[in-house]
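Residues per chain are reported as follows:
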Amino acid sequence: MKVTVFSQISIDGKLTLGGNGASSKALFQRFNDDDMRFIHKFRGEVDAIMVGRKTIVTDDPQLTNRYEAGRNPIRIIPTTSLDFPVSAKILSSPEETIIATTEQARDHEMVEQIRAQGKEVIFVGASQVDFKLLFPLLEARGIKHIMVEGGGQLNWQIFDLDLVDEIILMQLPIIIGGSETTTLTDGEGYRNIEMTKSFKLHAFDARSNYNLMHFKRELASQRTH
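Computed from a prediction, not measured in an experiment: that's the story for all the values here. (Residues numbered from 1 in each chain as written. Predicted model: local features only at pLDDT ≥ 70, side-chain atom pairs only at ≥ 80, totals over all residues. Heavy atoms only, no water.)

## Notes on the overall build of the protein chain
Along the backbone of the protein chain there are 6 helices and 9 strands. Here the C-alpha radius of gyration of the protein chain, 17 Å, is about what a compact globule of 225 residues would show, namely 17 Å. By its C-alpha atoms, the protein chain is 45 × 40 × 35 Å across when sized along the principal axes. Looking at the protein chain residue by residue over its 225 residues, the buried ones come to 48%. Pairs at least 24 apart in sequence give 69% of the contacts found in the protein chain among residues at least 6 apart. With an accessible surface of roughly 11,200 Å², the protein chain has 48% of that area assigned to carbon and sulfur atoms. For the protein chain, the distance from the average position of its 26 positive side-chain charges to the average position of its 30 negative side-chain charges is 3 Å. (Helix = DSSP H or I, 4+ residues; strand = E, 2+ residues; numbered from the N terminus. Rg over C-alpha atoms; globule rule 2.2 N^0.38 Å. Buried < 20%, exposed > 50% of the residue type's maximum accessible area, 1.4 Å probe, protein only. Contact = heavy atoms within 4.5 Å. Areas by Shrake-Rupley, 256 points an atom, 1.4 Å probe, with all protein chains shown as cover. Lys, Arg positive; Asp, Glu negative; His and termini not counted. Charge placed at Lys NZ, Arg CZ, Asp CG, Glu CD.)

## Considerations on the packing of aromatic side chains
Overall, the coordinates contain 7 aromatic pairs when judged by the stated rule. Between Phe6 and Phe38, the ring centres sit 6.0 Å apart and the planes meet at 35 degrees, which makes this aromatic pair tilted. Pair noted here: Phe6 is in strand β1 (residues 2–9) and Phe38 is in helix α1 (residues 33–43), with a separation of 32 residues, a long-range link. Accessibility expressed as a relative area gives 1% for Phe6, which makes it buried. On the numbers, 5.1 Å between centres and 35 degrees between planes, the contact of Phe6 with Phe42 is tilted. On the criterion of sequence distance, the pair formed by Phe6 in strand β1 and Phe42 in helix α1 is long-range, its members being 36 residues apart. By the burial criterion, Phe6 is buried, and Phe42 matches it. Taken together, the ring pairs connect Phe6, Phe38 and Phe42 into an aromatic cluster. The ring of Phe38 has Arg207 sitting right over it, with the charged end atom 4.8 Å from the ring centre. (Phe/Tyr/Trp six-rings, centres within 6.5 Å; stacked < 30°, edge-to-face > 60°. Lys NZ or Arg CZ within 6 Å of the ring centre and 35° of its normal.)

## Side note on the pattern of salt bridges
Under the counting rule described, the total for this entry stands at 12 salt bridges. Between Lys2 and Glu166 there is a salt bridge whose closest N-O contact spans 3.5 Å. With a gap of 164 residues between them, Lys2 in strand β1 and Glu166 in strand β7 (residues 166–171) connect regions that are remote in the sequence. Between Arg71 and Glu68 there is a salt bridge, and its shortest N-O distance comes to 3.8 Å. Residues joined by salt bridges that share partners form a network here, namely Asp162, Lys197 and Arg217. (Salt bridge = Lys/Arg side-chain N within 4 Å of Asp/Glu carboxyl O.)

## Overview of unusual backbone geometry
Only a minority of non-glycine residues have a phi that is not negative, and only a minority of peptide bonds are not trans. Phi is positive for Leu63, close to 60 degrees, though the residue is something other than glycine. With respect to the helices and strands, Leu63 occurs in the loop between α2 (53–59) and β3 (74–78). At Asp162, a residue that is not glycine, the phi angle is positive and equals roughly 60 degrees. Here Asp162 falls in the partly exposed class, since its relative accessible area comes to 27%.

## Brief notes about the pairing of β3
With respect to burial, β3 is a largely interior element, 5 of its 5 residues being buried. Side chains Ile74, Ile76 and Pro78 project from β3 onto one buried face, and the interleaved Arg75 and Ile77 project onto a second face that is buried too. In the sheet, strand β2 (residues 48–50) pairs with β3 via 3 bridges, with the strands oriented parallel. For Ile49, the partnering residue across the bridge sits in β3 and is Arg75. Note: β3 against strand β4 (residues 97–101), 4 bridges, orientation parallel. Among the inter-strand pairings, Ile76 is bridged to a residue of β4, identified as Ile98. (Pairing = 2+ DSSP bridges.)

Rendered as structure tokens:
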């Protein structure tokens, strides 16, 4: 299965303005309709799109391809907590949605509420979502390409597990700053250079509003997941 991290960032790698937990929507004010069409076109080319619970709570996205009817990816939300509103667009809109959570959440009242809206809940992992279990389950269902539009924590988890094959970045020519502001990857970070994850620049395109950068994982063809 192919995993693509797709993100909009500043020069200094920030995903949001206003500190940790802020919305990313402000960055999208810098994109025009053609830029948004590029994002949605990519959504139409993948089998599934994945974001974390914080994105659902903060931005309430629909995660669809609004430019091409019938080309919507399956929406996958990994979360150890089912703490998001029943009114969230991912639940109230008809597109296929999978909530991946933990065994500890089996008795959570939200499980039946989610299922009542026609969405699926799966349990992978005891106290944390186990991506090493989740991704093979998704692949067995015919999902061959996942687009991850995660925040810093979700991105960190899948990078740390060596599950990412490529990165596509739309880098805006702005500096945001802020030691508490969410970056492309947060998490624990590495203190040993040998542990870092290496990617090679595959393509670069200086567009009118942003720089488009495409990285591929070194030796990705030799890995399996």
